[in-house]
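# Observations on the model geometry
What follows is the residue order along each chain.
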Amino acid sequence: MLKVGITGGIGSGKTTVCKVFETLGIPVFYADAVAKQLMVTDLILMDGVKSTFGQESYFENGILNNKHIAGIVFNNQLELDKLNALVHPAVFRAFDKWALAIPSSVPYTLKEAALLFESGSYKMCDKNILVTAPLTLKISRVMQRDAVSAEQVQARIDKQFTDQQKAKMADYFIDNTENTSVILQVLDLHQQFLNQ
Ligand code: ATP
């Protein structure tokens, strides 16, 4: 079965685009949401987090001590790399398990991940889509959605590859600027994937 990766900068609208694919019956694996869940359910990952960042990474009731972890990895690329090196394999394992349960009648699946290119996981997909939108639009969308400042959004954007860097690794593009028809673009790609 064809595996298609889908990504885009923060606020590009990749999750929104995935919802359109879902209406066509295409299963979507939301890697970032799964990663969050695995942090409190995957025992291998949890053990790795505790031995790398300390037992205080979790409270006694098993809840993740977000403040502790964030305090270590925030603005520290080395520590963030360590966390990613623990999380990414757990997500790959979860994706493989998830993909096995998809019926063979499904023509293709989507894997949505914010850091698809940065993590290298795009290499495990047969094709990759980049969702794009102008910077100002991305910032205003996230400000509205998360009730944060433009500076806070910009700080998150600065941690990701630029669209120009991502474009070099993408096979397909969806322009999610206001007034562009996302649905028509999705239908066009859907048809191309069905033909493959
Ligand atoms: P993140 O990386 O932060 O998860 P994202 O790329 O998944 O962001 P979305 O959450 O899909 O982005 O979209 C960001 C916000 O913009 C949401 O509130 C969404 O409803 C809105 N949005 C996205 N696309 C459109 C669109 N074409 N028209 C109107 N609103 C949109």
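Residues numbered from 1 in each chain as written. Predicted model: local features only at pLDDT ≥ 70, side-chain atom pairs only at ≥ 80, totals over all residues.

## Things to note about the overall build of the protein chain
From N to C terminus, the protein chain includes 9 helices and 5 strands. Tracing the protein chain from N to C terminus, the helices and strands come up as β-α-β-α-α-α-α-β-β-α-α-α-β-α. Its C-alpha atoms give the protein chain a radius of gyration of 18 Å, within 12% of the compact-globule value 16 Å for 196 residues. For the protein chain, the spread of C-alpha atoms along the three principal axes comes to 50 × 40 × 30 Å. Looking at the protein chain as a whole, 30% of its 196 residues are labelled buried. (Helix = DSSP H or I, 4+ residues; strand = E, 2+ residues; numbered from the N terminus. Rg over C-alpha atoms; globule rule 2.2 N^0.38 Å. Buried ≥ 20, exposed ≤ 12 C-beta atoms within 10 Å, placed from the backbone.)

## Structural notes on the pairing of strand E3 (residues 108-112)
The buried fraction of E3 amounts to 4 of the 5 residues, a majority that puts the element mostly inside the structure. Alignment of strand E2 (residues 28-30) against E3, held across 3 bridges, turns out to be parallel. For Val-28, the partnering residue across the bridge sits in E3 and is Leu-110. (Pairing = 2+ DSSP bridges.)

## Here's the deal with the site of the ligand
As a matter of local geometry, the ligand sits amid 15 residues, with Gly-13, Thr-15, Thr-16, Arg-141 and Arg-145 nearest to it. Residue classes in the shell around the ligand are distributed as 4 nonpolar, 7 polar and 4 charged. (Near = placed C-beta within 6 Å. Nonpolar A, V, L, I, M, F, W, Y, C, P; charged D, E, K, R; others polar.)

## Observations concerning unusual backbone geometry
We note that Asn-75 has phi near 60 degrees; this positive angle belongs to a residue other than glycine. Of the residues examined, Asn-75 has 8 C-beta atoms within 10 Å and is grouped as exposed.

## Observations regarding the sheet that holds E2
The 5 strands lie next to each other as E2-E3-E1-E4-E5, forming an open sheet whose pairing is parallel. Both outer strands of the open sheet, E2 and strand E5 (172-175), are each paired with one neighbouring strand and no more. Across the sheet, the axes of successive neighbouring strands diverge by a mean angle of 25 degrees, strand direction being ignored. Where strand E4 (residues 127-132) meets E5, 4 bridges bridge the pair, whose relative direction is parallel. (Axes fitted to C-alpha atoms, helices over the stretch in contact; angles between N-to-C directions.)

## As for the nonpolar core
Counting residues in each nonpolar core, the largest one holds 34 residues, and the members touching the most others are Ile-6, Val-17, Ala-35, Leu-38, Leu-45, Val-91 and Ile-129. In terms of residue count, the dominant contributor to this core is helix H5 (residues 77-100) (5 residues). Looking at which domains feed residues into this core, each of domain 1 (1-27 + 108-196) and domain 2 (31-101) supplies at least three. Residues within four places of Ile-129 in sequence aside, it is in contact with Val-4, Gly-5, Ile-6, Ala-170, Tyr-172, Ile-174 and Leu-189. (Core = buried A, V, L, I, M, F, W, Y, C linked by C-beta atoms within 7 Å. Domains from an automatic or database assignment. Contact = placed C-beta atoms within 7 Å.)

## Remarks on the domain arrangement of the protein chain
Assigned domains of the protein chain: these are domain 1 (1-27 + 108-196) and domain 2 (31-101). Put simply, the middle of domain 1 and the middle of domain 2, counted by C-alpha atoms, are 23 Å apart. Counting residues at the interface gives 7 residues for domain 1, matched by 6 residues for domain 2.

## Looking at the packing of helix H6 (residues 135-146) against helix H7 (residues 150-158)
As a packed pair, H6 and H7 sit with axes 9 Å apart at the nearest point and diverge in direction by 115 degrees. For the pair H6 and H7, the crossing hand works out as right-handed. Counted together, Ile-139, Val-142 and Met-143 of H6 and Ala-150, Val-153 and Gln-154 of H7 form the full contact between these two elements. For the contact of H6 with H7, a count of residues per class yields 5 nonpolar, 1 polar and no charged. (Left-handed = near helix turned anticlockwise from the far one by under 90°.)

## Some words on helix H2 (residues 31-38)
Those residues of H2 lying buried are Ala-31, Val-34, Ala-35 and Leu-38. For H2, the arc enclosing every buried residue in end-on projection is 105 degrees, short of the 170-degree limit, so these residues lie on one face. In the core, the buried residues of H2 are packed alongside E2, helix H3 (43-53), H5 and E3. (Arc of directions from axis to C-beta.)

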